Amino acid sequence: QTKKMKKLLFFVFALFLTVATSSAQDAKKTLKNASKDLAKYYQDPINNLGKLDEALNSMNTAFQDDMVKADPESWIIRGEVFNSIGNAETNQLILNPNYKVKTPNAGMEAVAAFRKAMELAVKKGQTKDAVKGLEESEGLLSNAGISAFQAGEYMTAFNNFNTYIAVSKTIKENGGKSRLDDPQLKTDIQYYNVVSGYYGHADDAVLLPLLMEMYAAGTDKSLVYEAIFNLKSKSDEQGAMTILEEGRKKFPDESGLLFAEINHYLSSGKLDILVEKLKQAIQKEPDNVSVYTTLGNVYDQLVTKEREAGNAAKSKEYFDLAYDYYNQALGKDPKNFDATYSIGALYYNKAASMTSDLNKLSNDFSASGTKKYNAIKAEMDGIFEQGLPFFQKAEELDPNDLNTMIALKEIYARKGKMDKSAEYKAKIEAAQQKGK
């Protein structure tokens, strides 16, 4: 009974082994079919376009088998299939610019396969074949990165360029020849890589070391300094400023660095420093309307600062400068909403600041008190009146701006035009309800 049981178990085991071996052989056969489908495609790319899909389907089916996935040779074939599909689709794009790429990540998939083959390799020849495959994948990564960059898909571009650079190192470490052996090409790809990462908002911890590597190599790209400053200033303001100052000296005519500095001082509220920086910006870009409105806004903030400090003369000086720069902006662009609204707000805030003086006199019923009250109110109403046309124009330029509606509602109420004030009150409520 025991001998029979042993024979039966051996038979079951042998049967299982035969089935497993047969299954693996079928999977490897399916994998080879993928290569055959690609060969048929290359014989007639126009009429055999469907063979690309068949090759991909065959390969995916084969890789359901664990024994296939454990074989470095299988991964080399997988990488070669993705390389071939990527190259084939590139050729299709050349033949037909309207062709829709079906496997945009072919280069990345090929690289992943060749890396896995190197990880599993038991023979030098397998590593050598994988490295050879990586050499071909470089072209796909480059093309995919460039296409994504041109389309504004910056994170896709960054992933491809960054992988390209990493693959180049792997190739060199294993005795192969990389396209990035060309120093100029390597510098260009490094630059497009960090630009893609910067515009694509890549993780700071990944991007900053790449930028610092270019900085240490003495890059001639001002954007590298700008990007380092913006990323570094989050945690090391002094270190970031040192980099920025270096950049400003190295690239004195680059407005990007100047505007990075301006934005820094804006966010930190260093208004006095900002004035000089913005004046420099106007000299560099005299037709940039936003610089005029920004400088007007800085003076506007200084108006409030001096008014609250009780410095009436200085407040008036800054008021006139704010008005002047807003007006210069309108001279460049008469339909500029920001400048139009800002002049209205300049008058509005000045008038509103006078309400505290009125409140002080509200309980003074003496003749002199009443006279002062009426004089201040008349002046205040006159200033509100000066702001009205600018808010009306701002509404024409942007009928949906909530702040403009609020200002118009208040001014009409002060003028005693309650019907107009009610009209804007209804508009405000409708806008707020729509925004919920």
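Scroll up for the structure.
Residues numbered from 1 in each chain as written. Predicted model: local features only at pLDDT ≥ 70, side-chain atom pairs only at ≥ 80, totals over all residues. Heavy atoms only, no water.

Visitor: Tell me what's going on with the overall build of the protein, and back it up with residues and numbers.
Guide: Check the secondary structure of the protein and you find 20 helices and 0 strands. For the protein, the C-alpha radius of gyration of 35 Å lies well beyond 22 Å, the compact-globule estimate for 436 residues. With the C-alpha coordinates of the protein rotated into their principal frame, the extents come out at 125 × 55 × 55 Å. Considering only intrachain contacts with a sequence separation of at least 6, the fraction spanning at least 24 residues in the protein is 59%. By element, 52% of the accessible surface of the protein is carried by carbon and sulfur atoms, the whole surface being about 24300 Å². Between the mean site of the 56 positive side-chain charges and the mean site of the 59 negative ones, the protein shows a separation of 6 Å. (Helix = DSSP H or I, 4+ residues; strand = E, 2+ residues; numbered from the N terminus. Rg over C-alpha atoms; globule rule 2.2 N^0.38 Å. Contact = heavy atoms within 4.5 Å. Areas by Shrake-Rupley, 256 points an atom, 1.4 Å probe, with all protein chains shown as cover. Lys, Arg positive; Asp, Glu negative; His and termini not counted. Charge placed at Lys NZ, Arg CZ, Asp CG, Glu CD.)

Visitor: Quick one: what's the story with the pattern of salt bridges, residue by residue and with numbers?
Guide: Counted by the stated rule, this structure contains 16 salt bridges. Here Asp66 and Lys69 are joined by a salt bridge, their closest N and O atoms 3.6 Å apart. On the criterion of helical spacing, the pair formed by Asp66 and Lys69 is a turn pair, its members being 3 residues apart in helix α3 (residues 66-69). Take Asp66: its relative accessible area is 58%, and that puts it in the exposed class. Lys427 serves as the salt-bridge partner of Glu423, at 3.8 Å between the closest nitrogen and oxygen. Of this pair, Glu423 and Lys427 are both found in helix α20 (residues 418-435), 4 residues apart, which corresponds to roughly one turn of the helix. On the basis of relative accessibility, which here comes to 32%, the residue Lys427 falls in the partly exposed class. When salt bridges that share partners are traced, they join Glu395, Lys420, Glu423 and Lys427 into one network. (Salt bridge = Lys/Arg side-chain N within 4 Å of Asp/Glu carboxyl O. Buried < 20%, exposed > 50% of the residue type's maximum accessible area, 1.4 Å probe, protein only.)

Visitor: Tell me about helix α6 (residues 124-150), and please be specific about residues and values.
Guide: Look at α6: 40 Å from first C-alpha to last across 27 residues, which is about the 39 Å you get at 1.5 Å a residue. Along α6, the sharpest kink reaches roughly 30°, centred on Glu136. Phi turns positive, to about 75°, at Gly152, one or two residues after α6. (Expected span 1.5 Å × (residues − 1). Bend = angle between axes of the 7 residues up to and from the residue.)

Visitor: Kindly report on the nonpolar core, identifying the contributing residues and their values.
Guide: Counting residues in hydrophobic clusters, the biggest one holds 69 residues, and the most contacted among them are Leu207, Leu211 and Tyr299. Considering every element that reaches this core, the biggest residue donor is helix α14 (residues 289-308), with 8 residues. For Leu211, the contacting residues outside a window of four places in its chain are Val194, Val224, Ala227, Ile228 and Leu231. Membership of the second largest hydrophobic core comes to 37 residues, among which are Ala55, Val68, Leu134 and Tyr164. (Core = buried A, V, L, I, M, F, W, Y, C linked by side-chain atoms within 4.5 Å.)

Visitor: Provide a residue-level description of the packing of aromatic side chains, including the pertinent values.
Guide: One pass over the structure, following the stated rule, counts 19 aromatic pairs. Aromatic pair Tyr225 and Phe251: ring centres 5.6 Å apart, planes at 65°, arrangement edge-to-face. On the criterion of sequence distance, the pair formed by Tyr225 in helix α10 (residues 222-232) and Phe251 in the loop between α11 (237-250) and α12 (255-268) is long-range, its members being 26 residues apart. Accessibility assignment for this pair places Tyr225 and Phe251 in one class, buried. Each member of the aromatic cluster is reached from another via a ring pair, and the members are Phe149, Tyr154, Phe161, Tyr191, Tyr192, Tyr198 and Tyr199. Just above the ring of Tyr191 sits the side chain of Lys221; from NZ or CZ to the centre is 4.9 Å. (Phe/Tyr/Trp six-rings, centres within 6.5 Å; stacked < 30°, edge-to-face > 60°. Lys NZ or Arg CZ within 6 Å of the ring centre and 35° of its normal.)

Visitor: Can you explain a negative patch on the surface? Please cite residues and give values.
Guide: A surface patch of like charges, here negative, comprises Glu73, Glu80, Asp129 and Glu136. Elements with a minimum of two residues in the negative patch: α4 (72-95) and α6. With respect to the helices and strands, the residue Glu136 is situated in helix α6. (Patch = residues over 30% accessible without salt bridge, like charges linked within 9 Å, V, L, I, M, F, W, Y side chains within 5 Å.)

Visitor: Outline the packing of helix α8 (residues 183-199) against helix α9 (residues 204-216), supporting the account with residue identities and numerical values.
Guide: Two numbers describe a pair of packed helices, the interaxial angle and the distance between the axes. Interhelical geometry of α8 versus α9 gives an angle of 145° and a closest axis separation of 10 Å. With respect to the hand of their crossing, α8 and α9 are arranged in left-handed fashion. Residues Thr187, Gln190, Tyr191, Asn193, Val194, Gly197 and Tyr198 of α8 touch α9, and the partners they reach there are Leu207, Leu210, Leu211, Glu213 and Met214. Across the contact of α8 with α9, the residue classes break down as 7 nonpolar, 4 polar and 1 charged. (Axes fitted to C-alpha atoms, helices over the stretch in contact; angles between N-to-C directions. Left-handed = near helix turned anticlockwise from the far one by under 90°. Nonpolar A, V, L, I, M, F, W, Y, C, P; charged D, E, K, R; others polar.)

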